[in-house]
Amino acid sequence: MASHIVGYPRMGPKRELKFALESFWDGKSSAEDLEKVATDLRSSIWKQMSEAGIKYIPSNTFSYYDQVLDTTAMLGAVPERYSWTGGEIGLSTYFSMARGNATVPAMEMTKWFDTNYHFIVPELGPSTKFTYASHKAVSEYKEAKALGIDTVPVLVGPVSYLLLSKPAKGVEKSFSLLSLLGSILPIYKEVVAELKAAGASWIQLDEPTLVKDLDAHELAAFSSAYAELESSFSGLNVLIETYFADIPAESYKTLTSLSGVTAYGFDLIRGAKTLDLIRSSFPSGKYLFAGVVDGRNIWADDLAASLSTLHSLEAVAGKDKLVVSTSCSLMHTAVDLVNETKLDDEIKSWLAFAAQKVVEVNALAKALAGQKDEVYFAANAAAQASRRSSPRVTNEEVQKAAAALRGSDHRRSTTVSARLDAQQKKLNLPVLPTTTIGSFPQTVELRRVRREYKAKKITEDEYISAIKEEISKVVKIQEELDIDVLVHGEPERNDMVEYFGEQLSGFAFTANGWVQSYGSRCVKPPIIYGDVSRPNPMTVFWSKMAQSMTPRPMKGMLTGPVTILNWSFVRNDQPRFETCYQIALAIKKEVEDLEAAGIQVIQIDEAALREGLPLRKSEHAFYLDWAVHSFRITNCGVQDTTQIHTHMCYSNFNDIIHSIIDMDADVITIENSRSDEKLLSVFREGVKYGAGIGPGVYDIHSPRIPSTEEIADRVEKMLAVLDTNILWVNPDCGLKTRKYTEVKPALTNMVSATKLIRTQLASAK
């Protein structure tokens, strides 16, 4: 029986790649130093899988930034603004596309399906010239081969690549990206030919868009693309990998009849209904790569249950054609449980990170082949039983309170326009009020203070005094800049989800459970293992302190329930919405305590609301219903004069704008600048939005400092479609990843641009 891993985390067990990248970007180390770290990481991953007994080991899943950007480089599809002159694409062009540079902005970044990973969106048009410009897939295959490991090179499939792209600036929005198929397939053929020449016997093409609701012409593109590639595939085994959801019946039919394809991979964790399709019609003589080990969560696999599923599939595909696999790439999970020294033994026994999942996959394959490791399976069964019966998991009071929420609507009793009037009387803000999203730069000094306090090297009094000093500095900066609604800068917070999770019951935390979010940025998702409640106030002390330092309104800053849910590893033993309602009740208590402490503006960030949207349209309404309801639960009890803000990042909101309106927040700030004001097109098309709205006026994910004129121009574009009395001016996102040398001039220009427009508006009257 054979085993396969779809992909593996590339950051390293201790984030080695992150530190190497940042050192290189800061000019502190050379390209050779960076390549050395990358080579060591790749070889250790390949060796680890080989030693664990995995037969189909992936290569080319490593990336310096993003696998879709790697494909753009492979195809030489570099937007003109980066002045690339041809030849093999080097690091400087590659990183300019990812991060922008002093003169030009980065390419757009958006969520990879419904994960918290971001990819760099290709910008294509009828004049895009494609040329084979990065030989990475071949060189990594050869690199593994030199170590004595024969790998399966992985490429983003041609059709998914085009379906994930967008028309470049200046190209008609109606331009058919699939019309470029004929231009990119010759390069895929070259890559395949080189891989064959290098000795590859298998190749994996990831076509995850097959799980989405595709129309007939999109499905036809798969058929024609693979018919065109068929002759190049001769002598190769070709695996098409899908993941993240059930595959629709039509797509399944298209997939299983593609020319030249020998194997199909399915996510059987998020795609449980796919099992029915496989059982009713799996093509004979083809390989079935069964994704039974969850690549997106950190729970140990229920080996007995997976084995039973695999036995039933054996009857369908045949013993020699069934391959045990992960449901998707393991890059969405933490790297290695071995590095967790602080988790208690009970919780640890319930978990498996990427390194452990590799072992699980192989143990299942061996069991299928009649070599079951009884000791390993028995330990797994004991851990599953302990998790089911542990008193730490269940809190009846919380269960009851969450169950009671379902029948009601939880709305504030007055309309948003009436509330905005009441708030304006109290807050007395100027037209086009300015604010920031919440965090200010997290300096080395600040991180040191938090680290020392955690390690008990400084006393609580010393810690409070250091944080107080930082808040005071941030308040002064904002007052000097003349920002209207202030934030305290969040110096006490490590992460917008972790900070809250640490103060809620039902959460556990890792020391090294890092997961890549984009580029070198990693997040450390908390683990929700039990029922969630809030024992004590979490932010009131700091918000109250910050408000006492200024007469201007100070925003209380909270993370919303849907974002806490979507950015955590969530328990898989009850529906996600039940867990979300529990978190909503905990946040509701915090909102009410902030209001009682005199905080008049409270921001409840729902950065991840859109990202949790299921990939299949048939499941959208149910998700949006409970997600929006969860948000409303948090603030339905406040007075009209308390202004509720929310914030959302990187996502396409146009299709869920009515759900956003239904959240009934008083003000929403939204990421907008990297996506060419895509958001504003909703309002151009006539959607009426009566609440306050702040589409971000500059991109904080790039070190670039926008000019006053550029920001003023952005605000004018917004005023063309939004009423003056509802528009707010703010950056795209929090500022914690930026340096003060970038933040101060950028915010100075933001306020200057706002004042300039206010003057113009006043004189126009």
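The model shown is predicted, which means the values in this text are computed figures rather than measured ones.

Basis of the calculations
Residues numbered from 1 in each chain as written. Predicted model: local features only at pLDDT ≥ 70, side-chain atom pairs only at ≥ 80, totals over all residues. Heavy atoms only, no water. Helix = DSSP H or I, 4+ residues; strand = E, 2+ residues; numbered from the N terminus. Buried < 20%, exposed > 50% of the residue type's maximum accessible area, 1.4 Å probe, protein only. Contact = heavy atoms within 4.5 Å. Salt bridge = Lys/Arg side-chain N within 4 Å of Asp/Glu carboxyl O. UniProt positions renumbered as here; feature names shortened; annotations may be inferred. Axes fitted to C-alpha atoms, helices over the stretch in contact; angles between N-to-C directions. Parallel < 35°, antiparallel > 145°, perpendicular 65-115°, else oblique. Pairing = 2+ DSSP bridges. Phe/Tyr/Trp six-rings, centres within 6.5 Å; stacked < 30°, edge-to-face > 60°. Lys NZ or Arg CZ within 6 Å of the ring centre and 35° of its normal. Nonpolar A, V, L, I, M, F, W, Y, C, P; charged D, E, K, R; others polar. Disulfide = S-S within 2.5 Å. Expected span 1.5 Å × (residues − 1).

Asker: Help me understand unusual backbone geometry in this model?
Answerer: Excluding glycine, residues mostly have negative phi values, and the peptide bonds linking residues are mostly trans. Even without a glycine there, the phi angle at Phe 113 is positive, about 55 degrees. Along the chain, Phe 113 falls in the loop between strand 3 (109-111) and strand 4 (118-120). By relative accessible area, which is 11% here, Phe 113 ends up buried. Backbone geometry places Asn 428, a non-glycine residue, at a positive phi of 50 degrees.

Asker: Teacher, can you tell me more about the environment of Trp 728 here?
Answerer: Note that Trp 728 resides in the loop between helix 26 (708-719) and helix 27 (740-764). The exposure class of Trp 728 is buried, given its relative accessible area of 5%. Separated by 95 residues in sequence, Trp 728 and Ile 633 place their C-alpha atoms 25 Å apart. The residues contacting Trp 728, other than those within four sequence positions of it, are Leu 429, Pro 433, Thr 435, Val 485, Gln 643, His 645, Val 667, Gly 692, Ile 693, Gly 694 and Pro 695.

Asker: It is not clear to me how the pattern of salt bridges should be interpreted in this structure. Could you clarify?
Answerer: When charged atoms on two side chains of opposite charge get close, those side chains can pair. Taken as a whole and assessed by the stated rule, the structure comprises 44 salt bridges. Between Arg 42 and Glu 35 there is a salt bridge, with the nearest N and O atoms lying 2.8 Å from each other. A relative accessible area of 6% means that Arg 42 is categorised as buried. Classification of Glu 35 by relative accessible area gives partly exposed; the value is 31%. The closest approach of N and O atoms between Glu 143 and Arg 42, which form a salt bridge, is 2.9 Å. Here the residue Glu 143 occupies a position in helix 5 (residues 136-146), and Arg 42 occupies one in helix 2 (residues 31-52), the gap between them amounting to 101 residues.

Asker: What am I meant to see in helix 4 (residues 91-99) here?
Answerer: Quick reminder: α-helices carry 3.6 residues per turn. Residues three or four places apart thus point the same way. Those residues of helix 4 lying buried are Thr 93, Tyr 94, Phe 95, Ser 96, Met 97 and Ala 98. Buried residues along helix 4 sit in contact with helix 1 (16-25), helix 2, helix 3 (67-74) and strand 4. Of the residues trailing helix 4, Gly 100 is marked for its positive phi of about 75 degrees.

Asker: Got a minute to help me understand the UniProt feature "binding site: Zn(2+) 2" (unreviewed entry) in the protein in this structure?
Answerer: UniProt annotation of "binding site: Zn(2+) 2" (unreviewed entry) refers to His 658 and Asp 662 when read in the numbering used here. As for its placement among the helices and strands, His 658 is situated in helix 24 (residues 657-662). His 658 sits in the exposed class, given a relative accessible area of 58%. Counting through the fold element by element, Asp 662 comes out in helix 24.

Asker: Would you mind showing me how to read the packing of helix 1 against helix 2 here?
Answerer: Pairs of packed helices are described in terms of their axes, by the angle between the two and the distance that separates them. Two elements in contact, helix 1 and helix 2, have axes separated by 9 Å at closest approach and are oriented at 170 degrees. Accordingly, the angle class assigned to the pair helix 1 and helix 2 is roughly antiparallel. Residues Glu 16, Leu 17, Ala 20, Leu 21 and Phe 24 of helix 1 touch helix 2, and the partners they reach there are Ala 31, Leu 34, Val 37 and Leu 41.

Asker: Looking at this model, I keep getting lost on the sheet that holds strand 13 (residues 505-508). Mind explaining?
Answerer: Either a parallel or an antiparallel arrangement is found when strands of a sheet pair, and the pairing is made through backbone hydrogen bonds. The mixed open sheet is built from three strands, whose spatial order is 13-16-18. Of all strands in the sheet, those with a lone pairing partner are strand 13 and strand 18 (569-570), marking the two edges. Its contacts with the sheet put helix 22 (residues 576-596) on strand 16 (527-533) and strand 18, and the angle it makes with strand 16 is roughly 50 degrees.

Asker: When you look at the packing of aromatic side chains in this model, what are you seeing that I'm missing?
Answerer: Any aromatic ring pair is given by two values, namely how distant the centres are and how the planes are angled relative to each other. Tallied over the full model, the rule gives 28 aromatic pairs. Judged by centre distance (5.9 Å) and plane angle (55 degrees), the rings of Phe 24 and Phe 95 are tilted. Linking Phe 24 in helix 1 with Phe 95 in helix 4, this pair joins segments that are 71 residues apart in sequence. Judged by centre distance (6.2 Å) and plane angle (90 degrees), the ring pair of Tyr 463 and Trp 542 falls under edge-to-face. Residue Tyr 463 is found in helix 18 (residues 460-481), and its partner Trp 542 is found in helix 20 (residues 540-547); the two are separated by 79 residues along the sequence. On the accessibility criterion, Tyr 463 (8% relative accessible area) is buried. Through pairs of rings, three or more aromatic residues link up here, namely Phe 24, Trp 25, Phe 62, Tyr 64, Tyr 65, Tyr 94 and Phe 95. The ring of Phe 62 has Arg 42 lying over it, and the distance from NZ or CZ to the ring centre is 4.9 Å. Directly above the ring of Trp 299 sits Arg 387, whose terminal nitrogen or CZ lies 3.7 Å from the centroid.

Asker: Could you clarify how one ought to interpret the packing of helix 18 against helix 27 in this entry?
Answerer: Where helix 18 contacts helix 27, the two axes come as close as 10 Å, and the packing angle between them is 35 degrees. Only Tyr 740, Lys 744, Leu 747, Thr 748 and Val 751 of helix 27 make contact with helix 18, whose side of the interface consists of Glu 470, Lys 473, Val 474, Ile 477 and Leu 481. Class assignment of the residues belonging to the contact of helix 18 with helix 27 gives a composition of six nonpolar, one polar and three charged.

Asker: Is there a simple way to explain the sheet that holds strand 12 (residues 322-326) in this structure?
Answerer: On the basis of which strands lie adjacent, the open sheet formed by eight strands has the order 1-12-11-10-9-8-6-2 and parallel pairing. Either end of the sheet is taken by a strand with one partner, and the two such strands are strand 1 (2-3) and strand 2 (58-59). Bridge analysis of strand 2 against strand 6 (residues 152-156) gives two bridges, and the strand direction is parallel. Counterpart to Pro 58 in the pairing with strand 6 is Val 152. Against the sheet, helix 11 (residues 303-317) makes contact with strand 11 (287-293) and strand 12, and its axis sits at roughly 170 degrees relative to strand 11, the strand it touches most.

Asker: Please explain the side chain of Glu 498 as it appears in this structure.
Answerer: With respect to the element layout, Glu 498 can be found in helix 19 (residues 498-501). In this structure Glu 498 comes out as buried when scored by relative accessible area, which is 5%. Among residues more than four places away in sequence, those in contact with Glu 498 are Phe 509, Lys 524 and Pro 526.

Asker: Help me understand the state of the cysteines in this model?
Answerer: Chemically, a disulfide is nothing more than a covalent bond linking the sulfur atoms of two cysteines. This model, assessed by the stated rule, comprises zero disulfides. You can see Cys 328 has no disulfide; the closest cysteine sulfur is in Cys 522, sitting 17 Å from it. For the unlinked cysteine Cys 580, the closest cysteine sulfur is that of Cys 636, found at 14 Å. The buried category is assigned to Cys 580, whose relative accessible area is 0%.

Asker: For this particular structure, what's the right way to read helix 27?
Answerer: Taking 1.5 Å of rise per residue, 25 residues should cover 36 Å, and helix 27 covers 36 Å from first to last C-alpha, within 8% of that figure. Three or more residues of helix 27 are buried, namely Tyr 740, Glu 742, Val 743, Ala 746, Leu 747, Asn 749, Met 750, Val 751, Ala 753, Thr 754, Ile 757 and Arg 758. Residues of helix 27 that are buried in the fold lie against helix 18 and helix 26.

Asker: What's the story with the pairing of strand 14 (residues 515-518) in this structure? I'm lost.
Answerer: Two faces make up the sheet, and in a regular strand the side chains alternate between them. Where strand 14 lies against strand 15 (residues 521-523), three bridges are found, and the strand directions are antiparallel. Residue pairing in the sheet places Val 515 in a bridge with Val 523 of strand 15. Connecting strand 14 to the antiparallel partner strand 15 that follows it, the hairpin turn spans two residues, and Gly 519 within it adopts a positive phi of roughly 50 degrees.

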